[in-house]
Every structure is written in structure tokens, then in C-alpha cells.
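# Residue-level structural notes
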Amino acid sequence: MKPLAIAGACLALSLLTYFQFPGHTWLQQDSQIYAPILEHLRDPSVLRNEILAERAHVAYTLYDEIARALRAATNLDFRDVLACEQIVTRAFGIWGLYLMALAICGALAPRPAPLALFIAAICSLGAVVAGPTVLTFEYEPTPRAFALPLAICAMGLTVHRRYLAAGIALAAAFLYHPPTALPFVVFYCALALWPAKSETVRHRLWRLAPPAGAALVLAIAARVQEGGGEAQTFFARLTPDLERLQRMRASYNWISDAHAWPPALLGHYAILFGILLAAFLRLRREMSFELRLFSLGLPIAGMLSLPASWLLLDHWRWALIPQFQPMRSILFVTLFAQFLTAAAGVRAALRRQPLEAVGWFALAYLPPIQPILTQPFAFRGIAVALALSLIAWLAIWLRAGRWEPATPLLALVAFFAIPGIAGVVNYPRARTPELDQLSIWARSSTPKDAVFQFADIGKGLDPGIFRAQAERAIYVDWKGGGQVNYLAGFARLWWLRWQQTSQNRFKPRDLPKYAALGIRYIVVGPKNRLKDRTPVFESAKYLVYALL
């Protein structure tokens, strides 16, 4: 296949993953944090009373600088700019998966490109990685969502020994999110410096120039940006108070927390790693040294991250670990298990081993169906996985009959069958017309420096969505507390405010206290309507009362 056709196929797959499955979200999770930060950095008068914006944790990334530069160049809002970045970086990640699959399929059959696209399409279905709460294809346009596919692209280029291009992709990933890129950087540097008879030491060192340059740029940018807010602390131990707060608000970082990391989950990853190892052994003769190193080394690093995190955080209380979150690298176990089982399925189908092929394909299709496997209608998901496995085997069989275009096209069936028939819903719809209406009213009818408080929402997501859409400060909300991992000063202030507002448990007698805290408007549901006050805004879901 021609390079232009491959580029078009990767972009088309990216658009399919964005608009169909696994999908995308906005203001559902961490974009609730980043959107206000970006707006405040663009215009300091916006959200100037918002602690999330004043104490931002974006010093060690160029995510914010790139987004602001693209907004200035295109005149689009941040949502559209970040969506474009998400689609483009996903396309690069799919290309990286294609390149890795091509390295295997090239040893299996002539004209391997359709087979490689088929494997890349299966991996593009994504997977939820329980425990650290990450995804192989992130829904939100966050730094991690851009860095991971760029790092996968770098990995695919490295497998084909295109080191300069790989180094540039890896440098871009590092600039977006260093913790995500770092495991790839370690393996890339090892391969780049690996002795070769036909290469000089100077030539091998030159390969390190892009990631080294990225590290230097990031260090300079971080030093400049930290001057405007609270600096992150790396070389310190967590105090008992901070430890209690982080365990309460971000328990997923603590492997000793049995609720976030139950024994069954650890067993799940042990089984998944065993499946990965079996597929690896099946494919090892068709894999290059570079691909063997990535596909086995990164999952091993992911497995080792669990005891490493226990030692460094749960035992030594190192403040860097909640910020770096090394256990997120466990996603390599899921990612490569999906990749290798799909490739093993193609190998078995080409060798006319239909039962083995269907078995491998079923294992490759299970990760995106995993969210419903514990629900009463789990049988439907398993049936869909088996049906897709048969379709996958049929796609390879049709290829043998000179129906090569059918191979990647049949892979697209899964993008519709998994959500449509299996009933997999990756994320709920948090935005509502009532919340949009409230945001529009607040943005047009209240002062720019007004402080709001959703007084009875508890741990709901409404305040964060409102903050980003209305561009008005929230005194405190549960989602905003996610920064307790990064900034000690913010953590203490957030916890104080959470207690001051009774953890968003509304009591009418607290209105004078809210006013004394500087809260200008409170938002409550109809059940908490005040008899002695007239709301300044009212809808079916929200009532707003002015306090100042």
C-alpha cells in the first residue's frame, strides 16, 4: 500500500475512534481541570478567584503553551483546538500500532499491509485499565491522551529503525506528559545506544538529541512558569496529614488500599500477563529484537511498577510518586496483550488453524468489552466477542481468496457491534441542557470575579462542568481536589474549603458562613428551595441565590 493510503487509513481510523467507539468526552473528567487553567493562562482576569487556576500543575508540560499557541493561530476555542490535537495524535498512535504489526505480518505473508491495519484496528478499540484508572485510548483531551499515542508512534518507528523520526515523536510525547513518555524513553535510549558494527558512537549519540532537547526545553519552560504559582515538591516525604488526604482523595495511587486494588485485580493482571507471554512465545520467531524488547520489556516494567510503587509510596512516602503515578504503566500489560493476541490470531488464521485463531481473536476483543463482563448481561458481550472472532477469522480467510480489501474493512464491524449489540457504554453523559442554561446565564449575568458554590451536589461533576463553561470560580468541589497529588499548599487549602462547606451538605443556617467565605452565589436543587429568599435564577434542576 502506498504511504498516502496508509496515512489516510490511520486518520480514518482515528476519526472512527473519536466519533464512534471508544469515543471522546469533554468536561467529564480531567478536562474539567485543564480547561479553566487554559482560560486563566490566556486571560488572567478570567477565573482569578479560582484555586484550580491560581495553583495550576502544568509547569512540567508544554500542553498549555501548545494549546494557547494553536488557539491564537486558528482563532478556535480550546475545546476545538484540543479535539484536533486528540484526533491527530490518535492517528499517529494508530500508525505506530500499524508499524509494529507490519513488522510481524511482513514475516508471515506477502502484502502484509492489510493484515497490519487489521491488527491496528483491533487495538484501536481501546481498553479500560482498572486500578490506576487509565485507558489505552483516552477519551479526554488531556496531556496523557496526546503523549501516549505519540510514544506508541515512536515505538513503531523504532521497530523499523527509523531513529530520528522516532526520537522526534518521543520528544513530542515527553513535552506533553513526561511520566507517560519516560518508560519509552528508557527503552529507546537503550536501543539507540546499542552497539552496532556499522555505526559510530557519535552516530548513536546523535539519536538522543531529540529527547535530550525536549528535556532541556521542558526544564526551561518549567522554571519560567513556576514563578507564577505554587511549585511542585519532588524530593520530600509526605507528611501524615498529606498522606491521609491523598489516601482519601486519590486512593488509586496506593496499592495497599484494598478497595482501589483488591486481590482479584492483582490476579487479573497476573492472568493477563500470562496470556501476553503465551502470545509472545507464539510470535517470537516473527518478531525483531526491537519489537521483542518493547512487547515484553514494557509489560514487565508495568508489572514491576506495582511493588515499586508500594515500596516508594506506601512504605517510604516519597512525594514524587503520587505525581508520577508509576502504576499507570500497568496499561502496557493490557495494550500488548491485546496487540499480541490479535497478531497471534492472524498468524494462526494464515496457517489454517481456525480454532486457535478464533481463540486468540476472542482474547483480543475482550479488553474493550471488559466494562460489562461483571454485569448481568455479560453473556451478550462474550457472545459479541466470539462473533467478532469468527468475523476476524473470516477476514483472513477471504484474504487468501484475493479479497484483500475485506480484511481491514471487516475489522470495522467491531466499532459498531461492541457499543450497539454488546451494549458497552464507556462514559455517562454528564452535561445536561439545564446545566448549559445555568452556565450561559452565569457567564452573561454575573460579574467575572464572582464565586459560586454548588452547596448540595456532594461529589457530583456539575460544578466542574459549570466552572469551565461559565468561566466562573467555584469555591470548592470534589473533582477539583484531584490536584492534591501535585501541590501540598493546594491540598491543604482544598481540604479546608471542603470542610468549611460541610463537604457540600447544604444547611440553610450556613448561608452567613458561605457569605463570609466570599461566596457570592449558591446553587442548590429544588428540594433545598429557600422559603425566605427569591432565586436570581431558576430552572427545573437548579436554583441560584445571591448572598452578597
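What comes next is a walk through the structure. Treat the numbers as computed from the prediction; the structure is a model and nothing was measured.

### Structural notes on the sheet that holds strand β3 (residues 451-454)
Read from one edge of the open sheet, five strands run β4-β3-β5-β7-β6, paired in mixed fashion. A single partner strand is all that each edge strand has here, and the edge strands are β4 (473-474) and β6 (537-538). As judged from the two bridges shared by β3 and β4, these two strands associate in the parallel manner. Each bridged residue has a counterpart across the sheet, and for Phe452 the counterpart in β4 is Ile474. On the sheet, helix α21 (residues 433-445) packs against β3, β5 (521-524), β6 and β7 (543-546) and is oriented at approximately 160° with respect to β3. In the packing of helix α22 (residues 462-470) onto the sheet, contacts are made with β3 and β4, and the angle to β3 comes to roughly 155°.

### As for the pattern of salt bridges
Summed over all chains, the structure comprises 18 salt bridges. Notably, a salt bridge pairs Arg317 with Glu243, separated by 2.9 Å at the nearest N-O pair. With Arg317 in the loop between α14 (289-315) and α15 (320-324) and Glu243 in helix α12 (residues 240-249), this residue pair connects regions lying 74 residues apart in the sequence. Residue classification places Glu243 among the buried positions, given a relative accessible area of 14%. The salt bridge involving Asp477 is made with Arg467; its shortest N-O contact spans 2.6 Å. Separated by 10 residues along the polypeptide, Asp477 in the loop between β4 and α23 (488-500) and Arg467 in helix α22 bring together distant segments of the chain. Arg467 shares its class with Asp477; the two are buried. Overlapping salt bridges bring together Glu39, Arg42 and Arg71 as one network.

### Quick look at helix α13 (residues 263-283)
Its 21 residues give α13 an end-to-end C-alpha distance of 31 Å, which sits within 8% of 30 Å, the value for a rise of 1.5 Å per residue. Turning to α13, its buried residues number three or more, namely Leu265, Tyr269, Leu272, Phe273, Leu276, Ala279, Phe280 and Leu283. End-on, the buried residues of α13 take up no more than an arc of 125°, which puts them together on one face. α13 presents Pro263, Ala264 and Ile271 as exposed residues on the side facing more than 90 degrees away from its buried surface. Packing partners of the buried residues in α13 comprise α5 (78-105), β1 (128-129), α14, α16 (331-350) and α17 (354-369).

### Re a nonpolar patch on the surface
Judged by side-chain polarity, Leu11, Leu15 and Phe19 come together as a nonpolar surface patch covering roughly 290 Å² of accessible area. Structurally, Leu15 is set in helix α1 (residues 3-19).

### Side note on the side chain of Gln338
Note that Gln338 resides in helix α16. A polar contact of 3.3 Å, which involves the side chain of Gln338, links it to the backbone oxygen of Ile122. Excluding residues within four positions of it along the chain, Gln338 makes contact with Ile122, Cys123, Leu125, Gly126, Ala364, Pro367 and Pro368.

### Observations regarding the packing of aromatic side chains
This model, assessed by the stated rule, comprises 23 aromatic pairs. Between Tyr163 and Tyr188 the ring centres are 6.2 Å apart and the planes differ by 55°, which places this aromatic pair in the tilted class. Here Tyr188 lies in helix α9 (residues 178-192) and Tyr163 lies in helix α8 (residues 163-176), a separation of 25 residues in the sequence. According to the relative accessible area criterion, Tyr163 is buried, its value standing at 10%.

### Brief notes about α5
Counted at 1.5 Å a residue, the expected span for α5 with its 28 residues is 40 Å, and the 40 Å between its end C-alpha atoms agrees. With 21 of 28 residues buried, α5 is to be regarded as a mostly interior element.

### A few points about the packing of helix α7 (residues 143-159) against α8
Their axes nearest at 8 Å, the elements α7 and α8 cross at an angle of 165°. In terms of their interaxial angle, α7 and α8 are classed as roughly antiparallel. With respect to the hand of their crossing, α7 and α8 are arranged in left-handed fashion. Seen from α7, the contacting residues are Pro143, Phe146, Ala147, Leu150, Ala151, Cys153, Ala154, Leu157 and Thr158; seen from α8, they are Tyr163, Ala165, Ala166, Ala169, Leu170, Ala172, Ala173 and Tyr176. The class makeup of the residues in the contact of α7 with α8 is 16 nonpolar, one polar and no charged.

### With respect to the packing of α1 against α5
Packed helices, taken two at a time, are described by the angle between their axes plus the distance between the axes. Put simply, α1 and α5 touch, their axes get as near as 8 Å, and they point 125° apart. As the angle between them shows, α1 and α5 are arranged oblique. You can see that α1 and α5 cross each other, and the crossing is right-handed. Listed contacts from α5 to Ile6, Cys10, Leu11, Leu13, Ser14, Leu15, Thr17 and Tyr18 of α1 are Ala83, Gln86, Ile87, Arg90, Ala91, Ile94, Trp95 and Tyr98. Residue composition of the contact of α1 with α5, by class: 12 nonpolar, three polar and one charged.

Cut-offs and rules
Residues numbered from 1 in each chain as written. Predicted model: local features only at pLDDT ≥ 70, side-chain atom pairs only at ≥ 80, totals over all residues. Heavy atoms only, no water. Pairing = 2+ DSSP bridges. Helix = DSSP H or I, 4+ residues; strand = E, 2+ residues; numbered from the N terminus. Contact = heavy atoms within 4.5 Å. Axes fitted to C-alpha atoms, helices over the stretch in contact; angles between N-to-C directions. Salt bridge = Lys/Arg side-chain N within 4 Å of Asp/Glu carboxyl O. Buried < 20%, exposed > 50% of the residue type's maximum accessible area, 1.4 Å probe, protein only. Expected span 1.5 Å × (residues − 1). Arc of directions from axis to C-beta. Patch = residues over 30% accessible without salt bridge, like charges linked within 9 Å, V, L, I, M, F, W, Y side chains within 5 Å. Areas by Shrake-Rupley, 256 points an atom, 1.4 Å probe, with all protein chains shown as cover. Polar contact = N/O pair within 3.5 Å; in protein donor to acceptor, adjacent residues only side chain to side chain. Phe/Tyr/Trp six-rings, centres within 6.5 Å; stacked < 30°, edge-to-face > 60°. Parallel < 35°, antiparallel > 145°, perpendicular 65-115°, else oblique. Left-handed = near helix turned anticlockwise from the far one by under 90°. Nonpolar A, V, L, I, M, F, W, Y, C, P; charged D, E, K, R; others polar.

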